[in-house]
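# Breakdown of the fold
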Amino acid sequence: MKNLVIGILAHVDAGKTTLSESILYLSGKLRKLGRVDHGDAFLDTYELERSRGITIFSKQAVFELGDTRVTLLDTPGHVDFSAEMERTLQVLDYAILVINGADGVQGHTRTLWNLLKQYKIPTFLFVNKMDQQGTDREKLLLELKEKLDEACVFFDENQPEEEFFDALAMCKEETMEEYLETGMVAPETIAKMIYHREIFPCYFGSALKVQGVEEFLRGMEQYTLPPKSGNQFGAKVYKISRDGQNNRLTHLKITGGTLKVKDVLGNSKDSENHWEEKVNQIRIYSGEKFEAVQEVEAGMVCAVAGLSNTYPGEGLGMEKDSKAPVLEPVLNYQILFPEEYDAHTMLKYLRLLEEEEPMLRIVWNEELGEIHAQLMGEVQIEILQSLMQERFGVSVSFGRGNIVYKETIRKMAEGVGHYEPLRHYAEVHLILEPGRPGSGLVFDTICSEDGLDRNWQRLILTHLMEKVHRGVLTGAAITDMKITLAAGRAHLKHTEGGDFREATYRAVRQGLMQAESVLLEPYYEFRLEIPSECVGRALTDIQKRYGEFRPPEVEGDLSVIIGSAPVETMRDYQKEVTSYSKGRGRIFCTLQGYAPCHNTEEVLEVAGYDPERDLENPTGSVFCAHGAGFNVPWNEVPEYMHIESQLEKMRVKNTGSRSETPVKNDMPQKPRHQQLHAAEMENQELEEIFIRTYGKVERKSDNGPRRVTASSSAGGSTKPKAPVQEYLLVDGYNVIHAWEDLKELSKDNFEAARNKLMDILCNYQGYKKCTVILVFDAYKVEGYNMEVQKYHNIYVVYTKEAETADQYIEKVVHEIGRKYHVTVVTSDGIEQIVTLGQGGTLISAREFLQEVEIVRGQIQDDINERRETSKNYLFHHLDEELASEMEEIRLGKKKE
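Residues numbered from 1 in each chain as written. Predicted model: local features only at pLDDT ≥ 70, side-chain atom pairs only at ≥ 80, totals over all residues. Heavy atoms only, no water.

### Regarding the overall build of the protein chain
Looking only at helices and strands, the protein chain has 26 helices and 41 strands in total. For the protein chain, buried positions account for 50% of its 896 residues. For the protein chain, the proportion of contacts with a sequence separation of at least 24, taken over those separated by at least 6, is 69%. Accessible surface for the protein chain amounts to roughly 44,300 Å². Of this, 48% is attributable to carbon and sulfur atoms. (Helix = DSSP H or I, 4+ residues; strand = E, 2+ residues; numbered from the N terminus. Buried < 20%, exposed > 50% of the residue type's maximum accessible area, 1.4 Å probe, protein only. Contact = heavy atoms within 4.5 Å. Areas by Shrake-Rupley, 256 points an atom, 1.4 Å probe, with all protein chains shown as cover.)

### Concerning the packing of aromatic side chains
In total, this model carries 24 aromatic pairs according to the counting rule given. On the basis of an interplanar angle of 85 degrees and a centroid distance of 5.7 Å, the ring pair of F155 and Y223 is categorised as edge-to-face. Linking F155 in the loop between strand 6 (152–154) and helix 6 (161–169) with Y223 in helix 9 (residues 213–223), this pair joins segments that are 68 residues apart in sequence. When its relative accessible area of 9% is taken as the criterion, Y223 is described as buried. Over the ring of F290 we find R283; its NZ or CZ atom is 4.3 Å from the centre of that ring. Between K467 and the ring centre of Y505, over which it is positioned, the NZ or CZ distance is 4.2 Å. (Phe/Tyr/Trp six-rings, centres within 6.5 Å; stacked < 30°, edge-to-face > 60°. Lys NZ or Arg CZ within 6 Å of the ring centre and 35° of its normal.)

### Structural notes on empty space enclosed by the protein
The method is simple in principle: a probe with the dimensions of a water molecule rolls over the atoms, and the space it marks as empty is what remains. For the coordinates displayed, the defined rule picks out seven cavities of 30 Å³ or more. Of the pockets and cavities examined, the largest cavity occupies roughly 180 Å³. Together, 13 residues line the largest cavity, and F57, E357, Q380, I383 and L387 are the ones closest to its centre. When residues of the lining of the largest cavity are traced back to their parent elements, those giving at least two are helix 10 (343–356) and helix 11 (378–392). (1 Å grid on protein atoms, 1.4 Å probe; cavity = no way out; pocket = protein on both sides within 12 Å on 5 of 7 lines; lining within 4 Å. Points joined across faces, edges and corners; volume = space filled by probe spheres on them.)

### Quick word on the state of the cysteines
Scanning the model with the defined rule gives zero disulfides in all. Between C152, a free cysteine, and C202, which holds the nearest cysteine sulfur, the sulfur-to-sulfur gap is 4.3 Å. (Disulfide = S-S within 2.5 Å.)

### Some points on a nonpolar patch on the surface
Taken together, the side chains of M786, V788 and Y795 make up a nonpolar region of the molecular surface, amounting to roughly 260 Å² of accessible area. Within the secondary structure, M786 sits in the loop between strand 37 (771–776) and strand 38 (787–791). We classify M786 as partly exposed; its relative accessible area is 37%. (Patch = residues over 30% accessible without salt bridge, like charges linked within 9 Å, V, L, I, M, F, W, Y side chains within 5 Å. Salt bridge = Lys/Arg side-chain N within 4 Å of Asp/Glu carboxyl O.)

### As for the sheet that holds strand 2 (residues 59–65)
Where strands meet in a sheet, backbone hydrogen bonds hold them as pairs that are either parallel or antiparallel. On the basis of which strands lie adjacent, the open sheet formed by seven strands has the order 2-3-1-4-5-7-6 and mixed pairing. Only two strands of the sheet have a single partner each, and these edge strands are strand 2 and strand 6. Across the sheet, the mean angle from the axis of one strand to that of its neighbour is 25 degrees, orientation sign disregarded. Each of strand 1 (2–10), strand 2, strand 4 (94–100), strand 5 (123–128) and strand 7 (200–204) is contacted by helix 9, which is oriented at about 175 degrees to strand 5, the strand it contacts most. (Pairing = 2+ DSSP bridges. Axes fitted to C-alpha atoms, helices over the stretch in contact; angles between N-to-C directions.)

### Overview of the pattern of salt bridges
Inspection of every chain in the model, using the stated rule, returns 36 salt bridges. Across the pair R137 and E138 runs a salt bridge whose closest N-O atoms are separated by 2.9 Å. A single salt-bridge network, built from bridges that share partners, covers R242, R248, E355, E356 and R391.

### Looking at the sheet that holds strand 9 (residues 248–256)
Here six strands make up an open sheet; going across it, the order is 14-13-16-9-8-17 and the pairing antiparallel. Two strands bound the open sheet, and with one partner strand each, they are strand 14 (289–293) and strand 17 (315–317). If you compare each strand with its neighbour and ignore which way they point, the axes differ by 40 degrees on average. Pairing geometry for strand 8 (residues 234–242) and strand 9, over eight bridges, is antiparallel. Its bridge partner being in strand 9, A235 is matched across the sheet by I254. Sitting on the sheet, helix 10 is in contact with strand 8 and strand 9, with an inclination near 140 degrees to strand 8.

### Digging into the nonpolar core
Ranked by internal contacts, the top residues of the largest apolar core, which has 48 residues, are L528 and I530. Considering each element in turn, this core owes the most residues, seven residues, to strand 29 (residues 517–531). In contact with L528, other than residues within four places in its own chain, are A538, I542, S559, V560, I561, Y573, V577, Y580, R586 and I587. (Core = buried A, V, L, I, M, F, W, Y, C linked by side-chain atoms within 4.5 Å.)

### Looking at the environment of C171
Along the polypeptide, C171 turns up in the loop between helix 6 and helix 7 (173–182). Looking at C171, the relative accessible area reads 26%, which means it is partly exposed. For the pair C171 and A151, spaced 20 residues apart in the sequence, the C-alpha separation amounts to 6.1 Å. Residues in contact with C171, not counting those within four places in the same chain, are A151, V153, M193, E198 and I199.

### Description of the packing of helix 3 (residues 82–89) against helix 4 (residues 107–119)
At a closest axis distance of 11 Å, the pairing of helix 3 and helix 4 adopts a crossing angle of 30 degrees. One element, helix 3, and the other, helix 4, form an angle in the roughly parallel class. Regarding helix 3 and helix 4, the two cross each other, and that crossing is right-handed. Contact residues: S82, M85, E86 and L89 in helix 3; H108, L112, L115, L116 and Y119 in helix 4. For the contact of helix 3 with helix 4, the per-class residue count stands at six nonpolar, two polar and one charged. (Parallel < 35°, antiparallel > 145°, perpendicular 65-115°, else oblique. Left-handed = near helix turned anticlockwise from the far one by under 90°. Nonpolar A, V, L, I, M, F, W, Y, C, P; charged D, E, K, R; others polar.)

### A look at a negative patch on the surface
A contiguous patch of negative charge, built from E173, E174, E177 and E181, is present on the exposed surface. Position of E174 among the secondary structure elements: in helix 7. (Lys, Arg positive; Asp, Glu negative; His and termini not counted. Charge placed at Lys NZ, Arg CZ, Asp CG, Glu CD.)

### Considerations on the packing of helix 6 against helix 7
At a closest axis distance of 8 Å, the pairing of helix 6 and helix 7 adopts a crossing angle of 145 degrees. Here E162, F165, D166, L168 and A169 of helix 6 come into contact with helix 7, specifically with T175, M176 and Y179. Here the contact of helix 6 with helix 7 is built from residues that sort into five nonpolar, one polar and two charged.

### Things to note about the pairing of strand 34 (residues 621–625)
Each regular strand carries side chains that alternate between the two faces of the sheet. Of all five residues making up strand 34, four are buried, and the element is well covered by its neighbours. The pairing of strand 34 with strand 35 (residues 628–632) spans five bridges and is antiparallel. Within strand 35, the position partnered with A625 by the bridge is A628. Here strand 34 folds back onto strand 35 in antiparallel fashion, the turn holding two residues, of which H626 has a positive phi close to 55 degrees.

### Quick word on the environment of V301
Positionally, V301 belongs in strand 16 (residues 301–305). We classify V301 as buried; its relative accessible area is 1%. Separated by 209 residues in sequence, V301 and L92 place their C-alpha atoms 10.0 Å apart. When near neighbours in sequence (up to four residues on either side) are disregarded, V301 contacts V5, Q60, T71, Y238, L252, K253 and I284.

Structure below.
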């Protein structure tokens with residue numbers, strides 16, 4: 001049998017659960033129809049749902065439809081439980097959108113329609129309650145076409161075929177051609193059009209009276225296609241729950257392969273918190289009952305016991321994690337609990353509920369000693385109170401909810417984060433750009449892999465996505481922004497993964513401090529239905545609440561006002577509407593999204609947030625000097641950063657010139673006098689760094705920019721000085737990682753790369769006649785002391801335990817740097833500055849490679865010259881010997 005997962009969605013009170021009952025009854029799953037108002041609906045399994053008459057948690061039922069095994073998922077319709085509904089969308093093959101025929105397309109209906117479009121789910125529409133007086137099929141179909149999609153097509157087995165095919169042909173050009181050629185549209189073509197969301201079948205009926213439902217089921221059987229699946233295992237987690245014995249259940253859909261009891265599941269091995277656990281039991285639920293099975297195949301939905309680390313939205317096997325949900329809570333409440341319970345116990349209970357409802361976002365405020373949760377509305381509060389009492393026996397209450405604000409930026413900025421305490425190093429440059437409203441956070445990279453390895457770039461992007469980054473106005477989460485990795489730098493030996501985490505977080509905050517931040521608040525889209533005599537009062541109220549609205553429309557004896565307004569100002573308006581309309585008015589609110597706050601100054605004053613005192617989200621960076629790290633405030637970071645401004649670099653590339661005055665919100669441009677780690681930096685720049693930091697240092701004169709030669713005579717004395725001994729200190733591992741051929745060789749055999757470098761330096765020393773000291777980090781057994789070996793004509797130093805090559809070189813330069821000509825070969829910025837400080841000179845690993853190549857060429861030229869000289873000498877002597885022998889033969893002293 002083919003497997004299908006079909007979900008039912010609707011605005012609250014549209015008859016969604018009643019339609020589920022009718023479907024299960026007609027398919028033979030139920031012997032008796034249940035009713036929501038009687039409290040005996042098959043899928044209302046919780047007492048809270050039966051008592052309130054609403055669906056709170058998504059449930060499943062399994063039935064057969066011809067040769068198809070259908071898993072039906074009933075989702076909550078109330079807006080307060082939208083997060084539960086949206087998580088279910090991740091696993092649907094098809095969706096049934098139920099429309100209330102008496103009310104038409106309502107506010108939340110459009111929200112659901114947009115979600116189905118975003119998740120690309122093929123959708124059938126069932127217009128319910130058509131048995132009620134005043135419902136008009138033609139009028140409703142026209143409304144569906146206008147408010148949802150032009151491709152909404154009326155499906156009825158009794159309608160004329162020509163009319164039906166005409167409507168289908170108008171939706172797609174290829175279908176029109178098929179209709180003109182054959183005079184019909186094949187069922188396979190219709191099924192494909194539905195699958196690709198090119199048409200949306202619309203059925204009309206009454207679920208309560210089981211009218212039109214049987215025809216609807218026949219249409220679903222005929223026009224649905226099974227999803228494609230492979231043999232490789234994959235699964236998507238959409239829900240976490242607990243059974244009556246408090247066993248943790250992971251609800252998931254198998255998207256590929258099969259799953260068996262005792263199989264071992266786990267998340268990605270590259271994950272920071274990798275886990276692997278065994279499947280103890282597989283359950284197929286139908287209502288509140290379940291069947292334990294040994295194996296499930298692709299396309300089936302099941303509940304798995306034995307997994308303790310899963311979470312909604314997680315992908316297992318070949319599946320990737322889902323994106324962040326579109327619908328989010330907009331109210332933040334303090335949870336008040338009895339004095340006999342401590343905060344630790346309450347947090348433990350609430351964390352268990354947060355596993356099932358991740359959007360609760362339980363937060364412990366250490367400073368205030370308070371627990372906060374994010375909720376969608378008043379109904380969810382009542383449900384959460386009931387769950388706490390039912391499961392844990394704790395009676396909780398909630399303070400007045402506060403609005404969940406967000407922050408974005410108005411103009412582009414560059415954020416720089418640097419993290420360099422001793423023996424650590426990372427620098428990150430991010431470009432922050434404002435995004436379109438509702439786009440959330442988008443991450444990208446334009447960083448060259450020549451400047452920063454791909455693995456480091458992936459790590460930075462991971463750190464960007466793993467955290468809720470706080471804004472600098474109120475500390476609210478940031479949104480509607482594109483963050484692009486523009487540049488970064490790592491150290492060959494000192495950089496660790498945690499270094500880039502710190503640098504990334506600081507780069508975001510430093511960029512926000514420069515950008516022009518905007519405070520956002522949530523807005524409701526509302527539909528207000530009131531008596532016509534109350535319109536003036538309603539319009540005045542909306543204006544007072546900073547709302548906007550369209551001209552009122554008259555529907556019967558009521559006027560309808562549609563508009564939007566801040567959530568903060570509309571929270572208690574339903575009570576006022578009920579009061580001044582004497583119970584005849586009602587308002588429907590759905591979350592529209594976030595927009596600029598209507599009272600920013602007031603909110604900022606109440607929040608009293610100081611971003612520079614937020615120790616958990618620092619805005620500055622950490623740099624290193626004198627062997628210790630020190631903090632640099634965000635506004636001084638450009639003076640210390642090691643990589644040039646990427647925004648200015650992009651602007652120069654676009655305009656071809658560098659402006660004297662920076663563009664507003666661009667990174668301030670300062671002289672590059674603190675760029676310690678640039679691999680190709682000139683000696684002159686490093687000298688400027690040292691002079692600025694430590695003062696001028698008298699150094700021996702050099703005859704060349706990179707190599708140390710004998711000093712010139714001083715004081716006009718004619719007595720020549722003895723030549724000063726030259727030392728060449730080489731940071732071995734730094735050079736190996738900087739030279740491509742050695743780097744490639746080290747991947748296969750590090751010892752071979754080390755030996756090859758030693759041989760190269762032997763040849764170099766033989767030509768240059770300087771003392772060469774090659775230094776490697778400690779690599780021997782623990783407890784060994786420093787070891788110095790003589791390898792042919794060079795010295796090889798293996799540092800003692802816990803001593804790095806950097807430390808050894810710094811120590812040697814400090815001891816002999818002012819007595820002899822000392823040159824250090826390294827690309828490490830700290831070693832470079834110490835070398836300058838002791839009067840030595842330096843050369844980067846890449847520049848030293850060029851010099852080695854030059855020396856190698858000179859050696860080869862000398863060898864060739866000597867070969868030519870030897871050859872000429874040999875031929876000369878051979879000619880002399882041959883002439884002598886010929887003379888002896890002529891004189892008869894020797895036979896020919």
